[in-house]
Amino acid sequence: MTVLSCREVTKFRGKTPVLSSVSLDVEDGARIALLGHNGAGKSTLIKIILGLTALSEGKIEICGHAPGSTQARADVAYLPEAVAFPNALTGREILNMFGALSGHKGLDSGALLDRVGLSEAADARVKTYSKGMRQRLGLAQVLIGQPRLALLDEPTSGLDPVSRYDLYAIIDELAAQGTAVLIASHALTEVEARTDRIAILRKGELVADDTLANLAATAGLHTTVRVRASETLVADRIAAQTGGARINGTSVEIHCGPDQKMGTLQALFEGGTDVADIDITPPGLEELYRYYSGRLS
Amino acid sequence: MSTLARVTAITRAESLILRRNRWLVMATLIMVAFALALTFAGSAPTGTLGVDMLTVSVTSMTTLAVYLIPLLALLMSFDAVVGEADRGSLGLLLSYPASRAEILAGKALAHLTALTIACVVGFGVAGVAAAIAGGVSAESLMALLRLMATSVILGAVFIALGYLVSSLASSSAAAAGMAAALWLVFVVLYDLALLASVVIDGDGMFTRHIFPWVMTANPADAFRLWNIAGAEGVAMAAGMSGVADSLPKWAAPVSLVLWPVMAFFAARFAFRRLEP
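It should be emphasised that the depicted structure is a prediction, and the values quoted were computed from it without experimental measurement.

Visitor: Describe helix 5 (residues 131-142) of chain A, and please don't skip the residues or the numbers.
Guide: A rise of 1.5 Å per residue sets the reference length of helix 5 of chain A, with its twelve residues, at 16 Å; its end C-alpha atoms lie 17 Å apart and thus fit the reference within 8%. In terms of residue burial, helix 5 of chain A counts as a mostly covered element, since nine of its twelve residues are buried. Those residues of helix 5 of chain A that fall on the buried side of the exposure criterion are Gly132, Gln135, Arg136, Leu137, Gly138, Leu139, Ala140, Gln141 and Val142 of chain A. Check the buried side of helix 5 of chain A and you find it contacts strand 5 (76-79), helix 3 (91-101), helix 4 (109-115), strand 6 (149-153) and helix 6 (161-177) of chain A together with helix 6 (90-94) of chain B.

This is the structure we're talking about:
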């Protein structure tokens, strides 16, 4: 079922278009990464979906409701970029307030705080929280009452690697529950393993919306194979055979397109014990992103 | 899932904040200190006017309240909206299913409760002290209760006006400046302008017929008039029976009660137009 449907969404600030004709569907249980430079329109699109900003043209529906309507706001959870809370309140008090605001009076705030790893700081004032702890508290309020749609704006900013891992585990749980998750990010490499689809905004236009594999195939991006040979002479020979570049010591770096990858690997294995080690790096989101976001320029 | 539950949730959080950042204690202490000081400094004319000490105390405190209550109310409320916008917590709050009117109402209830506590304790302590030191009557007790009640309404006016500037301003600093300007206009400049026009007009048409109405239109003056017209002793002690007598009895109360309602709707209108 389609939870979020954006049709030809256009937004002008003055006469400049911030978003032009963006169409995007998000189904329940889907994890979508929304990527783009600063100023590409990610945050604007999220604010329009939340009903905080009016759209100029087009139509948005959240489970059939208009953005900003009481029903839509009850269905949507939001984690703003660099989330902030009243400093004088404790984590538990803040969750209880949000619980009451969303109509969950008997909210088990203890369990939610436990889930995001804040149970020890539950009754400390937010003023004493680190940036990562605030982000965790922000994530805890997203989990209130199993939302239909979760909008996460730069959720990993300021998180250490362990916290990031926890965050993605929670996002996976949310999606498994049926929540549609839209993650706006420029933390490219982290998003790739964890999302079902990638949408790329460039200067307010949606330039891509597909799975990572399809996007990579369309872009024809190269896989990087790095080979460490047993000795220098062998390395020279492999470089000559595969058209790769010799790099430090006994290593060779080969760039191959989607159709050459398997052939190259086979050639390497035929060399038997000449090859000591192989590293394969698939086309990164970084390159992909550069390809799609630069294509129109 | 009702309006009441959402308003209560905001009120509870804001009340906790006012308690934790010592606002409640500070406001109450300020009220007690000023009310006590004025009561005992202004107790000299008791004998000459033939009224008890509590009456004189209420008169002094009325004058004090005109300055202090709007100031406290604006200090409490000017940052309510723009402060959250500056910190970045407003967007999240607005993504929840609470309407902007509910958010303002929740904050207003918390701020008004704090102000009520400060007024009742401050005026109450001074009133009890005056009653013990120099006598009390049914009339002067009524005047004290009236002072407390009208102070809360006056506070509501300026709390709502504070939300209005908070929704219009682009930063906390701008909101503070606008709040200071509001205070200056309503409490000081308005009366100065009126005084100047009366001096120029002498005993003419303006002074006799228009001036009392223009004066009542200002909530701070309506507050003063209501307290003075309400009790003869207070009017005599304040020397303001002239203006109070020239108006129908309902004029000042109606003005003072209408103001918070109009100011709240103005604040809601401004808050609705705000994009966080």
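And the narrative resumes.
Visitor: Account for the interface of chain B and chain A, naming residues and giving values.
Guide: Counting residues at the interface gives 23 residues for chain B, matched by 29 residues for chain A. Summed over both sides, the interface of chain B with chain A buries roughly 2500 Å², with 65% coming from carbon and sulfur. The three residues of chain B that bury the most area against chain A are Arg20, Leu92 and Tyr96 of chain B, which together make up 28% of that side's buried surface. Inspection of the chain B/chain A interface yields two salt bridges. Among the ionic pairs, arginine 20 of chain B bridges to glutamate 93 of chain A, the shortest N-O distance being 2.7 Å. If you look at where chain B meets chain A, you find seven residue pairs in polar contact (both at pLDDT 80 or more). Elements with a minimum of two residues in the side of chain B that touches chain A: helix 1 (3-20) and helix 6 of chain B. It is helix 1 of chain B that contributes the most residues to the side of chain B that touches chain A, seven residues altogether.

Visitor: Describe the pattern of salt bridges, with residues and values.
Guide: All names here are of chain A. Overall, the coordinates contain 19 salt bridges over all chains when judged by the stated rule. With a closest N to O distance of 3.5 Å, arginine 136 and aspartate 166 form a salt bridge. Taken together, the positions of arginine 136 in helix 5 and aspartate 166 in helix 6 put the pair 30 residues apart, joining distant regions of the chain. Among the charged side chains, a salt-bridge network with shared partners connects Glu27, Arg197 and Asp209.

Visitor: Talk me through the nonpolar core; I want residue IDs and the actual numbers.
Guide: Ranked by internal contacts, the top residues of the largest apolar core, which has 164 residues, are Ile49 and Phe98 of chain A together with Phe123 of chain B. Residues contacting isoleucine 49 of chain A, with those up to four places away along its chain left out, are Leu4, Cys6, Ile60, Ile62, Pro67, Leu149, Leu151 and Leu182 of chain A. Judged by nonpolar contacts, the second largest core, of 13 residues, contains Val234, Ala239, Cys256 and Leu265 of chain A.

Conventions and cut-offs
Residues take numbers from 1 onward in each chain, read along the sequence in its written order. Here every chain gets a letter starting at A, and every ligand a number starting at 1, in the order they are written. Confidence filtering applies because this is a predicted model: local features only for residues at pLDDT of at least 70, side-chain atom pairs given and counted only at 80 or more, and all residues used for totals across whole chains, interfaces and linings. Hydrogens and water molecules were not included; the side-chain quantities draw on all heavy atoms of the structure. Numbering of helices and strands runs from the N terminus; a helix is a DSSP stretch of H or I covering at least four residues, while a strand is a stretch of E covering at least two. Here the expected span of a helix is defined as 1.5 Å times the quantity of residues minus one. Burial classes: relative accessible area under 20% of the type maximum marks a residue as buried, over 50% as exposed, and values in between as partly exposed (1.4 Å probe, protein chains only). The contact criterion used is simple: two residues touch if any of their non-hydrogen atoms lie within 4.5 Å. Buried area is calculated as the accessible area (1.4 Å probe) missing from two parts once they are joined, with the contributions of both summed. Take a side-chain nitrogen of Lys or Arg and a carboxyl oxygen of Asp or Glu: if they are within 4 Å of each other, that pair is a salt bridge. N or O atoms closer than or at 3.5 Å make up a polar contact, with two conditions inside protein: a donor-capable atom paired with an acceptor-capable one, and, for residues adjacent in sequence, both atoms drawn from side chains. Nine residue types can take part in a nonpolar core, namely buried Ala, Val, Leu, Ile, Met, Phe, Trp, Tyr and Cys, and a core is a set of them joined through side-chain atoms within 4.5 Å.

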